[in-house]
Amino acid sequence: MARPTIGVLALQGDVREHARALSEAGADVVSVRRPKELASVDGLVLPGGESTTILKLARVFEMLGPLRAAIGAGLPVYGACAGMILLADRVDDGGSPLDETFGGIDMQVRRNAFGRQVDSFEEDIDVDGLAGGPVHAVFIRAPWVESLGPAATALGRVSAGAAAGRIVAVRQQNLLATSFHPELTGDGRIHAYFCDLVRNA
Ligand code: GLN
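Residues numbered from 1 in each chain as written. Predicted model: local features only at pLDDT ≥ 70, side-chain atom pairs only at ≥ 80, totals over all residues. Heavy atoms only, no water.

Chemist: Would you mind going over the site of the ligand with me for this structure?
Modeler: Every residue lining the ligand is accounted for by G48, G49, E50, S51, C81, A82, I85, R111, N112, I140, R141 and H181. The contact in question runs from an oxygen atom of the ligand to an N or O atom on the backbone of A82, over 3.0 Å. One of the backbone N or O atoms of R141 is found 2.9 Å from a nitrogen atom in the ligand. Protein contacts shield 95% of the accessible area of the ligand, which totals 300 Å² for the unbound molecule. For the shell around the ligand, the class distribution of residues is four nonpolar, five polar and three charged. (Near = heavy atom within 4 Å. Polar contact = N/O pair within 3.5 Å; in protein donor to acceptor, adjacent residues only side chain to side chain. Areas by Shrake-Rupley, 256 points an atom, 1.4 Å probe, with all protein chains shown as cover. Nonpolar A, V, L, I, M, F, W, Y, C, P; charged D, E, K, R; others polar.)

Chemist: Sorry if this is basic, but what is going on with the packing of aromatic side chains here?
Modeler: Aromatic ring pairs: the centre-centre distance and the angle between the two ring planes describe each pair. Inspection of the entire model under this criterion finds six aromatic pairs. Measuring from centroid to centroid gives 5.0 Å for F114 and W144, while their planes differ by 85°, and the two rings are edge-to-face. Within this pair, whereas F114 is found in the loop between β7 (105–110) and β8 (120–125), its partner W144 is found in strand β10 (residues 144–148), the two being separated by 30 residues in sequence. For F114, a relative accessible area of 12% gives the class buried. A residue is classified by how much of its surface remains accessible, and W144, at 10% relative accessible area, is buried. (Phe/Tyr/Trp six-rings, centres within 6.5 Å; stacked < 30°, edge-to-face > 60°. Helix = DSSP H or I, 4+ residues; strand = E, 2+ residues; numbered from the N terminus. Buried < 20%, exposed > 50% of the residue type's maximum accessible area, 1.4 Å probe, protein only.)

Chemist: Mind showing me how you'd approach the nonpolar core here?
Modeler: Formed by 36 residues in total, the largest nonpolar core has its most connected members in L9, L38, L44, F102 and M107. When contributions to this core are tallied by element, the ones reaching two or more residues are β3 (43–46), α3 (51–60), α4 (64–72), α5 (82–87), β5 (88–93), β7, β12 (167–172) and β13 (175–178). Of the residues forming this core, the biggest block, five residues, is contributed by α5. Contact partners of L38, with chain neighbours within four places excluded, come to V32, L44, M63, P66, L67, A70 and L75. Counting residues in each nonpolar core, the second largest holds 34 residues, with C81, F121, A163 and F180 among its members. (Core = buried A, V, L, I, M, F, W, Y, C linked by side-chain atoms within 4.5 Å. Contact = heavy atoms within 4.5 Å.)

Chemist: Would you explain unusual backbone geometry in this entry?
Modeler: Working note: non-glycine residues mostly have negative phi, and peptide bonds are mostly trans. Residues other than glycine seldom take positive phi values, yet E62 does so here, at roughly 55°. Relative accessible area serves as the criterion here: at 62%, E62 is assigned to the exposed category. Of note in this structure, R141 is not a glycine but carries a positive phi near 40°. Position of R141 relative to the elements: it lies in the loop between β9 (135–140) and β10.

Chemist: What's the story with the pattern of salt bridges in this structure? I'm lost.
Modeler: Pairing between side chains becomes possible if they bear opposite charge and their charged atoms approach one another. According to the stated counting rule, one finds nine salt bridges in the structure shown. The shortest N-O distance in the salt bridge between D93 and R111 comes to 3.1 Å. With a gap of 18 residues between them, D93 in strand β5 and R111 in the loop between β7 and β8 connect regions that are remote in the sequence. Residue classification places R111 among the buried positions, given a relative accessible area of 11%. Across the salt bridge formed by R110 and E146, the nearest N and O atoms sit 3.0 Å from each other. In this pair, R110 sits in strand β7 while E146 sits in strand β10, placing the two residues 36 residues apart along the sequence. When its relative accessible area of 30% is taken as the criterion, R110 is described as partly exposed. (Salt bridge = Lys/Arg side-chain N within 4 Å of Asp/Glu carboxyl O.)

Chemist: Just to check I follow, could you spell out α4 for this structure?
Modeler: Each full turn of the α-helix corresponds to 3.6 residues, which orients residues three or four apart in the same direction. Residues L64, L67, A70 and I71 constitute the buried set of α4. Looking down the long axis of α4, one finds its buried residues gathered within 135° of arc, a one-sided arrangement. Count one or two residues on from α4 and you reach G74, which has phi positive near 100°. (Arc of directions from axis to C-beta.)

Chemist: What should I look at first to understand the environment of E123 in this one?
Modeler: Structurally, the position occupied by E123 is in strand β8. Relative accessible area serves as the criterion here: at 16%, E123 is assigned to the buried category. Along the sequence, E123 and V135 sit twelve residues apart, while their C-alpha atoms lie 8.2 Å from each other. Once residues within four sequence positions are removed from consideration, E123 is found in contact with V135, H136, A137, F139, V158, S159 and A160.

Have a look at this one:
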């Protein structure tokens, strides 16, 4: 598969930025809103946005069941920020757990975890498996990973400050998630990593 076909879930969020990053990484990109479009892709990106809104729209578009089934069947999926929340098996919403997600990664994430003082911030993060030095990571009302089950692996952590040690990049087999937004920085390495994952799946 020289050029994999990768979908971007286009219900809400920064769809266009991911589409650009994926085509720069060598994928043919399609928007996915319907089960039929989902069935045509080799991999899928869940963009950043608002996880509760994306979930609501996924129900309206009758995508919740098909997305869960595709993830369960091994479709490679990369979720950024809100997309990380959607891939988590368990979500802590500051008291109330989000009752359903697409799931797939054996982890608990906390929404809006970094708190009001640091709604948005940038930091360099070392990501396992990425050559060429740390990723300049942009966090926007981002989640972090509170705990990982045995099937999932931490790829990157915050290195300094109050959140030092918090997990912000995770992989479990064909599923990849980051708290941050590589589609906003022009650093194509995370999208290239995901394209390779799709080619090898
Ligand atoms: N705070 C958002 C949520 O909970 C995620 C923010 C983002 O994707 N940039 O869904």
